[in-house]
Amino acid sequence: MSASNRTEGRILKNIILSCFSLLIALVQTNPAKAEMVLDKVVVDMSKSHGQRQDIEVWNAGTDRMYVLSELSEILDPGSPIETRIPASDPEISSLFISPQKMILEEGERRIIRVVALGPRQEKDRVYRLMIKPVAGPVTAEATALKVFVGYDALVIFRPEKIVGKISASFIGNQLTLQNGTNTAQSLFYGRQCDDDRKECVDLPTKRLYSGVTWAIDLPYRTNVTYRAQVGDKTSELTFAPSD
């Protein structure tokens with residue numbers, strides 16, 4: 001064997017040993033458990049629910065947890081021009097979050113309070129509250145990998161009075177719904193059957209924000225029924241083709 005071949009063989013052997021060592025290190029990596037659980041991810045601040053609500057945060061993991069809360073306001077929610085802007089100043093956002101930082105020991109539960117400071121507007125103000133664990137010290141003896149999963153909780157501060165209605169239009173087998181009310185509507189239990197009512201299909205759910213339209217492709221040109229929820233109130237809606 002030539003000297004060049006022997007050199008190439010040693011290089012290849014070193015590469016294989018290095019890759020094997022890296023593989024062993026990855027196999028021996030112990031992921032540190034950082035499990036955060038919230039009791040709700042939608043904060044619906046309707047008039048009946050008042051100006052204050054709480055989110056319970058639970059450290060279901062085995063390590064101390066450092067939690068950070070960051071508020072953003074959503075402009076034109078659900079539309080093509082939806083924009084998310086930081087909302088750290090309560091005087092501007094009219095929403096106060098407390099505490100914004102906390103430390104949770106293993107198994108500990110604490111409350112994040114969401115308080116509306118200003119009066120209700122003519123239509124919804126919509127926010128996202130990011131609640132997330134952040135990096136703390138690694139305590140595992142072996143190599144540790146911490147995986148953090150946060151929650152982007154939805155906060156809806158609803159108007160004093162709900163006005164308007166959801167309108168519908170059919171073009172062929174497509175239904176377009178427009179939320180002409182001043183508040184977000186949760187549409188669920190959508191249903192459509194054929195003319196003989198022998199074949200029925202379930203339709204998708206949707207949170208339809210104020211002023212937003214939604215197009216649904218349908219299997220039939222027949223009546224469509226939905227349930228619509230605003231806060232703790234639910235209504236039945238039926239949309240019929242005009243011909």
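Summary of the structure given here. Just so we're clear, the structure is a prediction, and the values are computed from it rather than from any experiment. (Residues numbered from 1 in each chain as written. Predicted model: local features only at pLDDT ≥ 70, side-chain atom pairs only at ≥ 80, totals over all residues. Heavy atoms only, no water.)

Observations concerning the environment of Ser 169
- Looking at where Ser 169 falls in the secondary structure, it is placed in strand 13 (residues 166–171).
- Among the residues examined, Ser 169 registers a relative accessible area of 37% and is labelled partly exposed.
- Placed 72 residues apart in sequence, Ser 169 and Pro 241 show a C-alpha to C-alpha distance of 7.4 Å.
- Other than its neighbours up to four places away in sequence, Ser 169 contacts Gln 174, Leu 175 and Thr 176. (Helix = DSSP H or I, 4+ residues; strand = E, 2+ residues; numbered from the N terminus. Buried < 20%, exposed > 50% of the residue type's maximum accessible area, 1.4 Å probe, protein only. Contact = heavy atoms within 4.5 Å.)

Here we look at the layout of surface pockets
- Its volume calculated, the largest pocket comes out at about 410 Å³.
- Ile 162, Gln 185, Val 230, Gly 231 and Lys 233 are, among the 21 residues lining the largest pocket, the residues nearest its centre.
- Counting residues per element, the ones that place at least two in the lining of the largest pocket are strand 19 (224–230) and strand 20 (233–239).
- In terms of residue count, strand 20 provides more of the lining of the largest pocket than any other element does, five residues in total.
- In terms of residue class, the lining of the largest pocket is made up of seven nonpolar, eight polar and six charged.
- Lining the second largest pocket are 13 residues, with Ile 74, Asp 76, Pro 77, Lys 123 and Asp 124 positioned closest to its centre.
- Those elements that place two or more of their residues in the lining of the second largest pocket are strand 5 (65–75) and strand 10 (125–134).
- Sorting elements by how many residues they give to the lining of the second largest pocket places strand 5 first, with three residues.
- Broken down by class, the residue content of the lining of the second largest pocket amounts to six nonpolar, two polar and five charged. (1 Å grid on protein atoms, 1.4 Å probe; cavity = no way out; pocket = protein on both sides within 12 Å on 5 of 7 lines; lining within 4 Å. Points joined across faces, edges and corners; volume = space filled by probe spheres on them. Nonpolar A, V, L, I, M, F, W, Y, C, P; charged D, E, K, R; others polar.)

Focus: the sheet that holds strand 7 (residues 95–98)
- As summarised here, the arrangement of the four strands in space is 2-4-9-7, forming an open sheet in which the pairing is antiparallel. Strands with a single pairing partner mark the edges of an open sheet, and in this sheet they are strand 2 (36–38) and strand 7. Each strand axis lies, on average, 20° off the axis of its neighbour in the sheet, ignoring direction.
- Strand direction decides the pairing type here: strand 4 (residues 52–59) and strand 9 (residues 109–116), joined by seven bridges, are antiparallel. Opposite Trp 58, over in strand 9, you have Arg 109 as the bridge partner. (Pairing = 2+ DSSP bridges. Axes fitted to C-alpha atoms, helices over the stretch in contact; angles between N-to-C directions.)

None of the figures reported here should be taken as evidence of function without further support.
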